[in-house]
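# Descriptive analysis of the structure
For reference, the chains in residue letters:
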Amino acid sequence: RVLVGVVATQSSESSGINAEYGTLAETVSPKDCQQIFYADDGSAVGKISALRLWLDTLMSCGPGFGYFPEPAKSWLIVKEEHLDMAKEVFGDTSVNITTEGHRYLGAPLGTDEFRDKFVSEAVQGWVADIIALSKIAEAEPHVCYSSFCVGLSKRWLFLMRTTPYIAHLFQPLENAIKTMLLPLIAAHFSPLQRELFALPARLGGLSIQNPTKVADEEYKSSRVATEPLIQLISEQNTKIDCVRENQVAEQLSSNKTEVLSNKRKWQMDQCKAVVGQLTAPEQRQMEELSLRGTSTWLTSLPLQEHGFTLNKLEFRDAIAIRYDLPVVGLPRTCACGKTNSLEHCLSCTRGGYVHLRHNQLRDLTANLLEEAGCKDVTIEPRLLPLSTERFQLRSAITGDDARLDVAARGLWSPMERTLLDIRVFNSLAPSNANLSVKQVLDKHQQEKKRCYEERVTQVEKCSFTPVVMSTTGVMGDEADRLYKQIALRLATRTSQSYNTRLKQKKKPEIKISERVV
């Protein structure tokens, strides 16, 4: 017979180590049951008589280590057929005895019925949180979306990772997410798009997971990740040498890598299953949304001091643009007189928004170059007029009034002048529809080079870098190399790590997404 005994205790400010006796675990060290201590919570599993002996030993030896057990706050969990024996053995103590179960370190421990009741009550509390968050989302959907992804959605992960067979109990939570929260973020969506929204942002989703589908995977991953610790606890060895400690550490690291790999594979399988049901244009759009840079505006915190916040109309329009959903309130006819559509809005020059997104990226890039220590940073520098120069490419710009977007010295090498020309293109335009995202980026990069590179290198005697980016935030190879170089110079200049300053590269991607909105 194996019975479960849980004794939750409180200790004084002590480390649980006594110079004369060693550790408390070594002193108690039961023979017929297994024990574990987590901070000031002690527990043991075994037969009833062994658990009583363990408690008595803990009561007598604990105070010497600054550990004071409180039986009145302790619980003994036994099977129904052993309840009478438990009452007889623990009758002279104030230990609480139950045959159902009790909360232990935030997770249910006991019968299946107790587990289901415990989880259901927790789910009801989270449903109430979703309802409260939805009320706020009516006015601040961007902030609420970020709060859900970064904060609220993490609350039920611990329960998923510690308790098996509870996926079906999260259905009320999924119903609340689907019917209360999501409609305030994306006004109209289909069941298939709900599955799409559950994908990670880096795969084109919104990272709003379906808890009924991830619960089992989280538990499996948790078991794999903690297997070395489970084995260590089962061994009940109070003295662990350095060799064994290193073995456990290596195994934990290896298991963590395995868990991450399996999780990414599972997410990719989910992505392929969803994308396989989409139409060809939708699959082309998902291809672009899965590239680096298209989701930084979603995954970044909406910090007002950096200008990363969107109001309720902008945020909902941004989600509609991201998934080609109907834009609420979009006029049927554009101010230019043509039939309006999402694609037309991203291309029409009437109103100056196309120029605004270009100029925003231009000015931001110039500011970053100055912060990185580049000299002679100039916006819209005029090129030297031509005299007798001739170029091989007929597409080369030869006008005397030719200008580029940004000039700077010292970017790639000391004193070398670099000229940048920026283009932000609409990836939904008909001319780009039949090409892959990489092909579109290469096409626009080559167009810039054919127009300016020969003149810049031969006449200006400096380097040329085309900065090409889509309206979704995807960068071309040259632009990606440029902002990495800026991040490296910023790291060197400010004595910060390269990874920290590399976050500066998110700014152009976020700003472009905001200008699109």
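Scroll up to find the structure.
Description of the structure in this document. (Residues numbered from 1 in each chain as written. Predicted model: local features only at pLDDT ≥ 70, side-chain atom pairs only at ≥ 80, totals over all residues. Heavy atoms only, no water.)

## Thoughts on the overall build of the chain
Of the regular secondary structure elements, the chain holds 19 helices and 15 strands. By the compact-globule yardstick of 24 Å for 517 residues, the chain is too spread out, its C-alpha radius of gyration being 31 Å. Along the first, second and third principal axes, the C-alpha set of the chain runs to 105 × 55 × 35 Å. Within the chain, counting contacts between residues at least 6 apart in sequence, those at least 24 apart form 66% of the total. Counting only carbon and sulfur atoms, one obtains 52% of the accessible surface of the chain, whose full area is about 27,000 Å². Measuring between centres, the 63 positive side-chain charges of the chain sit 7 Å from its 62 negative side-chain charges. (Helix = DSSP H or I, 4+ residues; strand = E, 2+ residues; numbered from the N terminus. Rg over C-alpha atoms; globule rule 2.2 N^0.38 Å. Contact = heavy atoms within 4.5 Å. Areas by Shrake-Rupley, 256 points an atom, 1.4 Å probe, with all protein chains shown as cover. Lys, Arg positive; Asp, Glu negative; His and termini not counted. Charge placed at Lys NZ, Arg CZ, Asp CG, Glu CD.)

## A few points about the sheet that holds strand β14 (residues 417–425)
Strand order across the open sheet formed by 4 strands is β12-β13-β14-β15, with mixed pairing between neighbours. Two strands in the sheet have a free side with no partner beyond their single neighbour: β12 (375–379) and β15 (463–470). Within this sheet the neighbouring strands show an average axis-to-axis angle of 15°, counted without direction. Where β14 lies against β15, 8 bridges are found, and the strand directions are parallel. By the bridge assignment, Leu-420 is partnered in β15 with Thr-465. Contacts from helix α15 (residues 353–371) reach β12, β13 (406–409), β14 and β15 within the one sheet, and its direction differs from that of β14 by about 150°. (Pairing = 2+ DSSP bridges. Axes fitted to C-alpha atoms, helices over the stretch in contact; angles between N-to-C directions.)

## Side note on a negative patch on the surface
Taken together, Glu-80, Glu-81, Asp-84, Glu-88, Glu-100 and Glu-113 make up a surface patch of like negative charges. Residue position: Glu-80 is located in the loop between β8 (75–77) and α3 (83–89). The exposure class assigned to Glu-80 is exposed, which follows from its relative accessible area of 54%. (Patch = residues over 30% accessible without salt bridge, like charges linked within 9 Å, V, L, I, M, F, W, Y side chains within 5 Å. Salt bridge = Lys/Arg side-chain N within 4 Å of Asp/Glu carboxyl O. Buried < 20%, exposed > 50% of the residue type's maximum accessible area, 1.4 Å probe, protein only.)

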